[in-house]
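Geometric and topological summary
Residues per chain, in single letters:
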Amino acid sequence: MELLIETAATVKFTADEFFKKVEAANFGNSSRNDDNFQHVEAAGFTLENKNLAHSEFQFSKLSDITFTDVDFSGADFHFAQLKNVTFNRCNLERAELDFAQMSNVTFDGCILKSGSFNFTSGDVTFNTSSLARAEFHNTTAALTMNSCLNSNIELNYCLKLQLTADNCTFYSAEFHDSTLVGVISNSVLTDAEFNGADGTEMVFEKCRMRGISTQGAVNINGGSSDDEDDDDFDFDL
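All of these numbers come straight from a predicted model, not from anything done at the bench.

Looking only at helices and strands, the protein chain features 1 helix and 10 strands. Each helix and strand of the protein chain, placed in order from N terminus to C terminus, yields the pattern β-α-β-β-β-β-β-β-β-β-β. Here the protein chain, with 237 residues, has 46% of them falling under the buried criterion. Counting every atom, the protein chain has about 11,100 Å² of accessible surface; 42% of that belongs to carbon and sulfur.

In structure tokens, the structure reads:
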């Protein structure tokens, strides 16, 4: 199936123009479509304490921006290009970032429950964030996760899942048919599913791996990686 990608030109916004559009969206004047940031190109500012829930950022280009305490729940970032963007304590529950290109993007203390990052690329860091039930199908992005809650996260069908995770929970996570590359350390993977996965290039250090499913998997160890009892682990989760 051929993927059709929209190619309309972006519209450059100054910081002031972007702020005015954000204020209009906060005011709720939907008749003027003020929550539509599609194809917007903006850079070099900080935005705090705003409500951009369900806003549309498809094909936008955002760079050198810090968002703090912004509500992006249900927002749509399909095909967006994000470079040097930081999200601090933002709500991105059910946000859609499918096909987004992300370079040096960081999520600090964010809620990303049920968000979708399918077919994303680039490099992304998640610190002390909740990614429960988030989807990363077919992603090629390099993912770094520190002290994250990843219960029921789905990282399926990735040809090369580059993942560095420390002090995270992966309860009932799915890694189906993915090739895993990187290190998962000091983390809990109880009841995780690795069916069809290849863990040849993945290192598990001091992880709890009880009750995992490895049907058709290659080089996935089904026990705790250092053979200690669960109660002996010193996690800060």
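Inspection of the entire model under this criterion finds 2 salt bridges. The residue Lys-50 makes a salt bridge to Glu-23 at a minimum N-O spacing of 2.4 Å. With Lys-50 in the loop between β2 (40–48) and β3 (61–68) and Glu-23 in helix α1 (residues 15–27), this pair connects stretches of sequence that are 27 residues apart. Overall, the relative accessible area of 22% leaves Lys-50 in the partly exposed class. According to the relative accessible area criterion, Glu-23 is partly exposed, its value standing at 40%. As a salt-bridge pair, Asp-69 and Arg-89 come within 2.9 Å of each other at their nearest N and O atoms. With Asp-69 in the loop between β3 and β4 (81–88) and Arg-89 in the loop between β4 and β5 (101–108), this residue pair connects regions lying 20 residues apart in the sequence. Here Asp-69 falls in the partly exposed class, since its relative accessible area comes to 29%.

Attention shifts here to the environment of Asp-166. Within the secondary structure, Asp-166 sits in strand β8 (residues 161–166). When the C-alpha positions of Asp-166 and Thr-144 are compared, they lie 8.5 Å apart, and in sequence the two are 22 residues distant.

This brings us to the side chain of Asp-98. The topology assignment puts Asp-98 in the loop between β4 and β5. Buried within the structure, Asp-98 lacks any salt-bridge partner; Arg-94 is the closest side chain of opposite charge, at an N-O distance of 12 Å. At 3.1 Å, the side chain of Asp-98 and the side chain of Ser-116 are in polar contact. A polar atom in the side chain of Asp-98 sits 2.9 Å from the backbone nitrogen of Asn-118.

What follows concerns the packing of aromatic side chains. Across all of its chains, the model carries 22 aromatic pairs by this definition. Considering the side-chain rings of Phe-59 and Phe-79, the 5.0 Å spacing of their centres and the 5° angle between planes classify their relative orientation as stacked. Here Phe-59, found in the loop between β2 and β3, pairs with Phe-79, found in the loop between β3 and β4; they are 20 residues apart in sequence, far enough to count as distant. A ring pair is formed by Phe-87 and Phe-107, whose centres lie 4.8 Å apart and whose planes are at 5°; its orientation type is stacked. Separated by 20 residues along the polypeptide, Phe-87 in strand β4 and Phe-107 in strand β5 bring together distant segments of the chain. Classification of Phe-87 as buried rests on a relative accessible area of 0%. Directly above the ring of Phe-37 sits Lys-21, whose terminal nitrogen or CZ lies 5.5 Å from the centroid.

Conventions we followed
Residues numbered from 1 in each chain as written. Predicted model: local features only at pLDDT ≥ 70, side-chain atom pairs only at ≥ 80, totals over all residues. Heavy atoms only, no water. Helix = DSSP H or I, 4+ residues; strand = E, 2+ residues; numbered from the N terminus. Buried < 20%, exposed > 50% of the residue type's maximum accessible area, 1.4 Å probe, protein only. Areas by Shrake-Rupley, 256 points an atom, 1.4 Å probe, with all protein chains shown as cover. Salt bridge = Lys/Arg side-chain N within 4 Å of Asp/Glu carboxyl O. Lys, Arg positive; Asp, Glu negative; His and termini not counted. Polar contact = N/O pair within 3.5 Å; in protein donor to acceptor, adjacent residues only side chain to side chain. Phe/Tyr/Trp six-rings, centres within 6.5 Å; stacked < 30°, edge-to-face > 60°. Lys NZ or Arg CZ within 6 Å of the ring centre and 35° of its normal.

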